[in-house]
Every structure is written in C-alpha cells, then in structure tokens.
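Structural overview for review
Now for the letters of each chain:
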Amino acid sequence: MCGIVGLFLKDKSLEPQLGNLLSDMLITMTDRGPDSAGIAIYGGTAEGRAKITIQSANPGADFEGLAGDLEKAGIKAHVWVKSTHAVIELDASKLAEVRETLERIRPAVRLMGSGESVEIYKEIGLPKDVVARFGVRAMSGTHGIGHTRMATESAVTTLGAHPFSTGADQCLVHNGSLSNHNNLRRELVREGMTFETQNDSEVAAAYLTAEMAKGKDLGQALTGALDDLDGFFTFVVGTKSGFGVVRDPIACKPAVMAETEQYVAFGSEYRALVNLPGIENARVWEPEPATVYFWDHDKAA
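A brief look at the structure comes next. Computed from a predicted model, the values in this text were never measured in an experiment. (Residues numbered from 1 in each chain as written. Predicted model: local features only at pLDDT ≥ 70, side-chain atom pairs only at ≥ 80, totals over all residues. Heavy atoms only, no water.)

A word on the overall build of the chain
The secondary structure content of the chain amounts to nine helices and 16 strands. Its C-alpha radius of gyration of 18 Å places the chain within 12% of the 19 Å reference for a compact globule of 301 residues. Reported as C-alpha extents along the three principal axes, the dimensions of the chain are approximately 55 × 45 × 40 Å. Burial statistics for the chain: of 301 residues in total, 54% are counted as buried. Long-range contacts, defined here as pairs at least 24 residues apart, represent 71% of the contacts in the chain between residues at least 6 apart. Summed over its atoms, the accessible surface of the chain is roughly 12,400 Å², and 49% of this surface lies on carbon and sulfur atoms. Across the chain, the mean location of the 29 positive side-chain charges is 3 Å away from that of the 40 negative side-chain charges. (Helix = DSSP H or I, 4+ residues; strand = E, 2+ residues; numbered from the N terminus. Rg over C-alpha atoms; globule rule 2.2 N^0.38 Å. Buried < 20%, exposed > 50% of the residue type's maximum accessible area, 1.4 Å probe, protein only. Contact = heavy atoms within 4.5 Å. Areas by Shrake-Rupley, 256 points an atom, 1.4 Å probe, with all protein chains shown as cover. Lys, Arg positive; Asp, Glu negative; His and termini not counted. Charge placed at Lys NZ, Arg CZ, Asp CG, Glu CD.)

What about the sheet that holds strand E3 (residues 49–55)?
If you walk across this open sheet you meet the four strands as E4-E5-E3-E6, and the pairing is antiparallel. At either margin of the open sheet sits one strand with a lone partner, and together these are strand E4 (77–82) and strand E6 (110–115). When the angles between neighbouring strand axes are averaged without regard to direction, this sheet yields 20°. Summarising the sheet, E3 and E6 pair through five bridges and their orientation is antiparallel. Each residue of the ladder has a partner; that of Ile-52, found in E6, is Ser-114. (Pairing = 2+ DSSP bridges. Axes fitted to C-alpha atoms, helices over the stretch in contact; angles between N-to-C directions.)

Section: the layout of surface pockets
There is about 620 Å³ of room inside the largest pocket. As for the largest pocket, its lining consists of 26 residues, and the residues nearest its centre are Arg-99, Leu-111, Ser-165, Thr-194 and Glu-196. Residues belonging to the lining of the largest pocket are distributed by class as follows: 12 nonpolar, seven polar and seven charged. In this structure, the lining of the largest pocket is formed jointly by two domains, domain 1 (3–44 + 124–296) and domain 2 (45–116), each of which donates at least three residues. If you go around the second largest pocket, you meet 17 residues; those closest to its centre are Thr-142, Lys-240, Ser-241, His-297 and Asp-298. Partitioning the lining of the second largest pocket into residue classes produces two nonpolar, eight polar and seven charged. (1 Å grid on protein atoms, 1.4 Å probe; cavity = no way out; pocket = protein on both sides within 12 Å on 5 of 7 lines; lining within 4 Å. Points joined across faces, edges and corners; volume = space filled by probe spheres on them. Nonpolar A, V, L, I, M, F, W, Y, C, P; charged D, E, K, R; others polar. Domains from an automatic or database assignment.)

Observations regarding the packing of helix H7 (residues 200–213) against helix H8 (residues 218–228)
Running from N to C, H7 and H8 point in directions that differ by 125°, and their axes come no closer than 9 Å. Considering the angle they form, H7 stands oblique to H8. In terms of crossing hand, the pair formed by H7 and H8 is right-handed. The residues of H8 that touch H7, namely those facing Tyr-207, Leu-208, Glu-211 and Met-212, are Leu-218, Ala-221, Leu-222, Gly-224, Ala-225 and Asp-228. (Parallel < 35°, antiparallel > 145°, perpendicular 65-115°, else oblique. Left-handed = near helix turned anticlockwise from the far one by under 90°.)

Thoughts on the pattern of salt bridges
Under the defined criterion, the tally for this structure stands at 17 salt bridges. As a salt-bridge pair, Lys-51 and Glu-119 come within 3.0 Å of each other at their nearest N and O atoms. Of this pair, Lys-51 sits in strand E3 while Glu-119 sits in strand E7 (residues 118–124), and the two are 68 residues apart along the sequence. Classification of Lys-51 as buried rests on a relative accessible area of 6%. Ionic pairing is found between Arg-106 and Asp-69, a salt bridge with its closest N-O pair at 2.8 Å. Highlighted residues: Arg-106 in the loop between helix H4 (95–105) and E6 and Asp-69 in helix H3 (residues 66–72), separated in sequence by 37 residues. (Salt bridge = Lys/Arg side-chain N within 4 Å of Asp/Glu carboxyl O.)

Notes on the pairing of strand E12 (residues 242–247)
By the criterion of burial, E12 is predominantly enclosed, with six of the six residues buried. Here E12 shows no split at all, with Gly-242, Gly-244 and Val-246 on one side and Phe-243, Val-245 and Arg-247 on the other all buried. Here five bridges tie strand E11 (residues 231–238) to E12, and the two strands are oriented antiparallel to one another. The residue of E12 that forms the bridge with Thr-234 is Arg-247. Turn length for the E11-E12 hairpin, with the two strands adjacent in sequence and antiparallel, is three residues. By the bridge criterion, five bridges tie E12 to strand E16 (residues 292–296) in an arrangement that is antiparallel. Within E16, the position partnered with Val-246 by the bridge is Val-292.

What follows is the structure in structure tokens.
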C-alpha cells in the first residue's frame, strides 16, 4: 500500500503555490506509506539551461567544493545544496558530460533526475520530514507528482523511494506490484537501459522512457503499458510538459481525480484533494480501468 498524488496546473497564477499544495496532498497520504517519500517538481529553467538533481549519503564531503571541481573539469555550473540533495544548473549542452564527470570526481553521488525542468527529492522518512528537509513548500512550478511508500518487494532505501526517473524530464510514481518486471528488465537492458535498483517500479519508468525514445508521446507510451506490463498498477507520470495517469485493467488500487479550470489533480484517496482551491466545484471521478488520462501544456498551447 502506497500513497500517490499529482497536480497539473492550468492556471499560471497558481504556479507559486505548487510546492505548498503538493506538500499538503502528500502529507495527507502519510498513513498509506511511512517508509520513504519523494516529490518531483517541474519548474523549468532559462532557455538553453538544464539541471541535474543528485543525492549523497555524505553531503558534507561530496558537495563541498563541487562547483569548483566541475569548473576544473571544464563545466561551469551553479550548485544549490538542499540537505542530502544538490541541484546543479548548467548549459544544456553539458548535461551528458556532467553525468560522466560526476561518476569520475564524485563516484558516491546518485542521480535523482535531470532535464530542463524537473527536480526530484526523495529520502527515507515521513512525508512531513521530507517536505521540510528540502524546502518543497517554497517551490514553484507547472506540475508535480509525489509518493509515500510502504515497501513490499524491495529494501527501504533512498534509491528505492519514488519517483523513479530513467529519462530526461521523465519520472513515475507507482502503487501496486508488477509480475513480469524481471523479464522486462532483461529486455530493456538489452536495449541499453541501465538500472539502479531491483524495484519493479523502476522497470515501469524505464519501459516508458524506452517507448518515448521511439517517438511516442506519454499518452501513447502509457497505452502500450496496458499490453506490456502485467500485475496491479496505478501510475502517475510526469514529463517536461505532460502529466499522465493509468490504471491496470482490474484497477484494484484506489484512485480519484479532480479537474477544474485551474488544475487537474490526482490522489490515492479523495482526502488528498480536499484542501485544493475550488475543489467544491471540481469534476471528481474515479479513473476507469485500462484507460489513459493525459494532459500536456504544449498541446494545450
């Protein structure tokens, strides 16, 4: 049993409130998963810039002097430290290079997410502590997803927490259990995907990344997941401009959605949505089994 939340803003005036709204939604789901928690915030960068979120079990050593060491390696970057995580902002053309450089100069750090828009923060602990630790309430953005985990199939670790990110500006949160993840993992490894954990949810994220690399949009990739993934699942997925939801054909995992002119919201239970502005006037429904729901800022523009 895990708790999932998501919020996709249509109204730009709400963007400064994204972190605060999403934090309240996630904290409400604490009893669905006290082991670990995480949030992805899509906030964008200046044109031509990108960012990478990293995590360290020893941030004092790994983050001290990091900007200077990157510059010595030919990468000019700004580094913002947030507890056990750091966000590195740099020229977008240097994104692949900085990952290779970090493997060399800071081999102990772990990648949480990267791209032009996303920042991902996740750690062991209760949602309220994770939110406070990383200052999530003060963050602004266009959309975001969150997860509080009750571990069932893998260890309680930072890397095992959700969201899982396996591609630029892509991430996934999952409630459920996949039965064919080992076979699918082997297929994806043959296609060139790499994995940090044994978590079945990371396989789902990698599957979507691989499908989108073939030219599919998020909605099309989620549709394919209904045929290719076996087990019980509710997925909420983010991309640079998109937000998607899908449940397996049996749909035994709880889910509720709400939509107004200002936002689209998802929660494992309705109580995650009750404090959203204008919720009393929202269209509220339970997402149908084997049905993809997909919103995209770029397509709406």
